[in-house]
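Each chain is listed here by its residues.
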Amino acid sequence: MAPRTILVSLIMMGLGIVLQTTLFSRLEQFAIIPDVVLLVVILAARWLDPDPALLLGFTAGIALDLLGTTPMGLRALVFVLVAYVAVRYTDRTESNPLNSALIVAALSLLGAVLFAVFGTLFSLGSLSEVNVLRTIILVPIYNGVLAVLVAPVMRQLAVPRSRTLI
Amino acid sequence: MISDRGGPRRAPNISLIILVVASFVLMTFDIRSQGEGVAATLRSGAQSIAAPLQDLARTVVDPVVDIIDGAANLAGLRAENERLRAENEELRAAQEEIEKIRQDNLLLQQFLDLTDRSEFPSVVAEVRGGTGTFDTGFVINKGTEQGIVAGNPVLNQANLLVGIIKDVFPQSATVIPVIGPTTGVEILTEGGDIGVVTGLGDPDRLELLILEASGPIEQGEILRTSATQRGIPGGLQVARVEQRLIPDGTLIESQEVTPVAELTGLRFVVVLQVSADDPSVSTTDPTSTTTLPTTTTVGGG
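Keep in mind the model is a prediction, meaning the values are calculated, not measured.

Q: Explanation requested: the overall build of chain B in the structure shown.
A: Scanning chain B from N- to C-terminus turns up four helices and twelve strands. A buried classification covers 38% of the 301 residues belonging to chain B. Sequence separation of 24 or more characterises 61% of the internal contacts of chain B that already satisfy a separation of 6 or more.

Take a look at the structure:
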């Protein structure tokens, strides 16, 4: 795996965190917003080697936990599990934007459900939130739509060999 | 399944186990340390590192958000667009900038009035935002260096309770809003009954629980803090009753209660630096109230 892939993934993760905590956290008229960091973790996990993919998920999760009010390690746990599923069960060579969007949506759904369950286990009360179902449904849809735009760009930057596939 | 090198991808089982265990250990450690110690140092460090980047990003992001806000309020924009069409672009931009500064000044003046007239020392803080999914909390840019401690009540410019400080760091603090599902605020009805208002994660709805209600609660009644909760002074407006609530025996349990403070668009807040040992708070007299300015409506509640 090229160091460029790791570097691009780390930069995209940083950018995702900054956007998540600035742009998206200010779009308050939308009660539920995309989880762009989870989106980056899912996309990067498809191109990174297995261990770096999991480490990226862990790092991104810890960073978000530290910048928010969730217990340190909660998002890290969710992102690691989602990255593992992405590594194990998605096809690296998949380049169809629609398929990528569906994969991202499915894995985001997994992430949202895991977050709700673990959040409840660790006293966040996520499952008792009124918006829990809307969050679980809308976050994957938002992430899937964003994936159509982000996946090709990220793939171009991270995996230069695949340019002809896009 | 298939890698771009043609072979199956190795299952990172060992890494998965290590990272999952590490996550559980960190979560347990963080929750048990209750926002202090190494966990607090890490949070403080992360927020200190991220703050300049977030500030920089906001200078780019704010115009984008304004555009999206505008698109979301298209009906209002149409009327404003007709008025603005007569003006040239430069004048319009200058006018909007001046208006923004004027609004900020007005808002900050309200906070200054509020802090000057409050019985307790207080500090005005800027809202930095939260992380979104399943996290109703947000971060403010003031912390222990400004005298803020965990449990301090957080108000908006109209003197309405917005939330409670959860974790505090030297230059920042996290706020759990009243709508958060883990937040419970002890309240007093106008009839003198004590209850608890709990967040549901819904910006428009709260849950009210009164075990020993002496009578019905009328529609429109404002529920205020009861002065029996540690660190929270009495008399702060928390919620509004949306329909007449009739006790079942002596029990009132209802979600027909809305928060009085508007949480969307919150840019500044004021933190009341109430000591938990202050004799004027946490009294056994639930009707004890703090001296706070009367509620203003300028700038929205």
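Q: Honestly, the environment of Gly215 of chain B in this entry has me stumped. Any pointers?
A: Residue and element names in this part refer to chain B. For Gly215, the position within the fold is in the loop between β8 (205-210) and β9 (222-225). Taking the C-beta count within 10 Å as the criterion, Gly215 has 14 such neighbours and is therefore assigned partly exposed. Distance in space between the C-alpha atoms of Gly215 and Gly191 is 7.7 Å, their sequence separation being 24 residues.

Q: Which parts of the structure should I look at to understand the sheet that holds strand β4 (residues 161-168) of chain B?
A: Remark on secondary structure: sheet strands pair via backbone hydrogen bonds, oriented parallel or antiparallel. Residues and elements named next belong to chain B. The six strands lie next to each other as β1-β2-β5-β4-β3-β12, forming a closed barrel whose pairing is antiparallel. Direction aside, the axes of adjacent strands within the sheet are offset by 45° on average. Here strand β3 (residues 153-155) pairs with β4 via three bridges, running antiparallel. Its bridge partner being in β4, Pro153 is matched across the sheet by Ile164.

Q: Looking at this structure, how should I read the confidence of the model for chain B?
A: Residues and elements named next belong to chain B. On average, residues of chain B score 79 in pLDDT, and 81% of them are at 70 or above. Every residue in residues 1-7 is under pLDDT 50, and counting partners more than four places away or in other chains gives twelve contacts. Counting contacts from residues 291-301, a segment whose pLDDT is below 50, to residues more than four positions away or on other chains yields 28 contacts. As scored by the predictor, the complex reaches a pTM of 0.64 and an ipTM of 0.85.

Q: How should unusual backbone geometry be read in this particular structure?
A: In most cases, non-glycine residues show a negative phi, while peptide bonds are predominantly trans. All names here are of chain B. If you check the backbone angles, Asn159 has positive phi at about 75° while not being a glycine. Along the chain, the position of Asn159 falls in the loop between β3 and β4. A positive phi angle is found at Ala227, which is not glycine, with a value near 70°. Along the chain, Ala227 turns up in the loop between β9 and β10 (237-241). Overall, Ala227 belongs to the buried group, with 24 C-beta atoms counted inside 10 Å.

Q: For this particular structure, what's the right way to read the pairing of β8 of chain B?
A: Here is the key point about a regular strand: its side chains alternate between the two faces of the sheet. Residue and element names in this part refer to chain B. Relative to β8, strand β7 (residues 194-202) runs antiparallel, the two being bridged by five bridges. Directly across from Val196, in β8, lies its bridge partner Leu209. Between β7 and the antiparallel strand that follows it, β8, lie two residues. Sheet topology places β8 next to strand β11 (residues 252-259); four bridges connect them, and they run antiparallel. Considered in β11, the bridge of Leu206 is made with Val257.

Q: Please explain the sheet that holds β7 of chain B as it appears in this structure.
A: Residues and elements named next belong to chain B. Strand order in the closed barrel formed by six strands is β6-β7-β8-β11-β10-β9, and the pairing between neighbours is antiparallel. Here the strands of the sheet are splayed against their neighbours by 45° on average, with no regard to which way each runs. Judged from the two bridges that link them, strand β6 (residues 184-188) and β9 form a sheet pairing that is antiparallel. Bridge assignment links Ile187 to a residue of β9, and that residue is Thr225.

Q: I tried to follow the environment of Phe58 of chain A on my own but got confused; where do I start?
A: All names here are of chain A. Along the chain, Phe58 turns up in helix α3 (residues 50-67). Among the residues examined, Phe58 registers 25 C-beta atoms within 10 Å and is labelled buried. It is 7.9 Å that separates the C-alpha atoms of Phe58 and Arg75, two residues lying 17 residues apart in sequence.

Q: Before we go on, may I ask you to explain the nonpolar core in this structure?
A: In globular proteins that are soluble, nonpolar side chains generally tend to be buried together. If you look at the biggest cluster of nonpolar residues, it comprises 71 residues, and the most contacted ones within it are Val41 and Ala83 of chain A. Among the secondary structure elements, those contributing two or more residues to this core are α1 (3-26), α2 (36-47), α3, α4 (74-89), α5 (97-121) and α6 (132-158) of chain A together with α1 (13-33) and α2 (37-72) of chain B. Among the elements that make up this core, the one with the highest residue count is α4 of chain A (twelve residues). If near-sequence neighbours (up to four positions away) are discounted, Ala83 of chain A is found in contact with Val41, Ala45, Ala53, Leu54, Leu56 and Gly57 of chain A. If you look at the next biggest cluster of nonpolar residues, it comprises 45 residues, including Val178, Leu206, Ile217 and Leu272 of chain B.

Q: Looking at this model, I keep getting lost on the packing of α2 of chain A against α6 of chain A. Mind explaining?
A: Any two packed helices are characterised by how steeply their axes cross, that is the angle between the axes, and by the distance between the axes. Residue and element names in this part refer to chain A. Where α2 contacts α6, the two axes come as close as 10 Å, and the packing angle between them is 45°. By the angle between their axes, α2 is oblique relative to α6. In the packing of α2 onto α6, the handedness of the crossing is right-handed. Packed against α2, whose contacting residues are Val36, Leu38, Leu39, Leu43 and Trp47, the element α6 presents Asn143, Leu146, Ala147, Val150, Ala151, Met154 and Ala158 at the interface. Residues belonging to the contact of α2 with α6 are distributed by class as follows: eleven nonpolar, one polar and no charged.

Q: Could you clarify how one ought to interpret the packing of α2 of chain A against α3 of chain A in this entry?
A: All names here are of chain A. Direction vectors running N to C along α2 and α3 enclose 170°, while the axes themselves pass 9 Å from each other. Our classification of the angle between α2 and α3 gives roughly antiparallel. Here Val37, Val41, Ala44 and Ala45 of α2 lie close against α3, whose contacting residues are Ala53, Leu56, Gly57, Ala60 and Leu64. Of the residues in the contact of α2 with α3, the class split is eight nonpolar, one polar and no charged.

Q: Help me understand the confidence of the model for chain A, please; the structure alone is not making it clear to me.
A: Reading predicted coordinates in detail is not appropriate for stretches of low pLDDT. Averaged over all residues, the pLDDT of chain A is 84; the fraction at 70 or higher stands at 84%. Throughout residues 162-166 of chain A the model reports pLDDT below 50, and contacts reaching past four residues in sequence, or to other chains, amount to eight contacts.

Q: Mind showing me how you'd approach α4 of chain A here?
A: The α-helix winds at 3.6 residues per turn, so residues separated by three or four positions along the chain end up facing the same way. Between its terminal C-alpha atoms α4 of chain A stretches 23 Å, which fits the 22 Å expected from 16 residues at 1.5 Å a residue. Most of α4 of chain A sits out of view: 13 of its 16 residues are buried.

What counts as what
- Residues numbered from 1 in each chain as written.
- Chains lettered and ligands numbered in written order.
- Predicted model: local features only at pLDDT ≥ 70, side-chain atom pairs only at ≥ 80, totals over all residues.
- Helix = DSSP H or I, 4+ residues; strand = E, 2+ residues; numbered from the N terminus.
- Buried ≥ 20, exposed ≤ 12 C-beta atoms within 10 Å, placed from the backbone.
- Contact = placed C-beta atoms within 7 Å.
- Pairing = 2+ DSSP bridges.
- Axes fitted to C-alpha atoms, helices over the stretch in contact; angles between N-to-C directions.
- pLDDT = per-residue confidence, 0-100.
- Core = buried A, V, L, I, M, F, W, Y, C linked by C-beta atoms within 7 Å.
- Parallel < 35°, antiparallel > 145°, perpendicular 65-115°, else oblique.
- Left-handed = near helix turned anticlockwise from the far one by under 90°.
- Nonpolar A, V, L, I, M, F, W, Y, C, P; charged D, E, K, R; others polar.
- Expected span 1.5 Å × (residues − 1).

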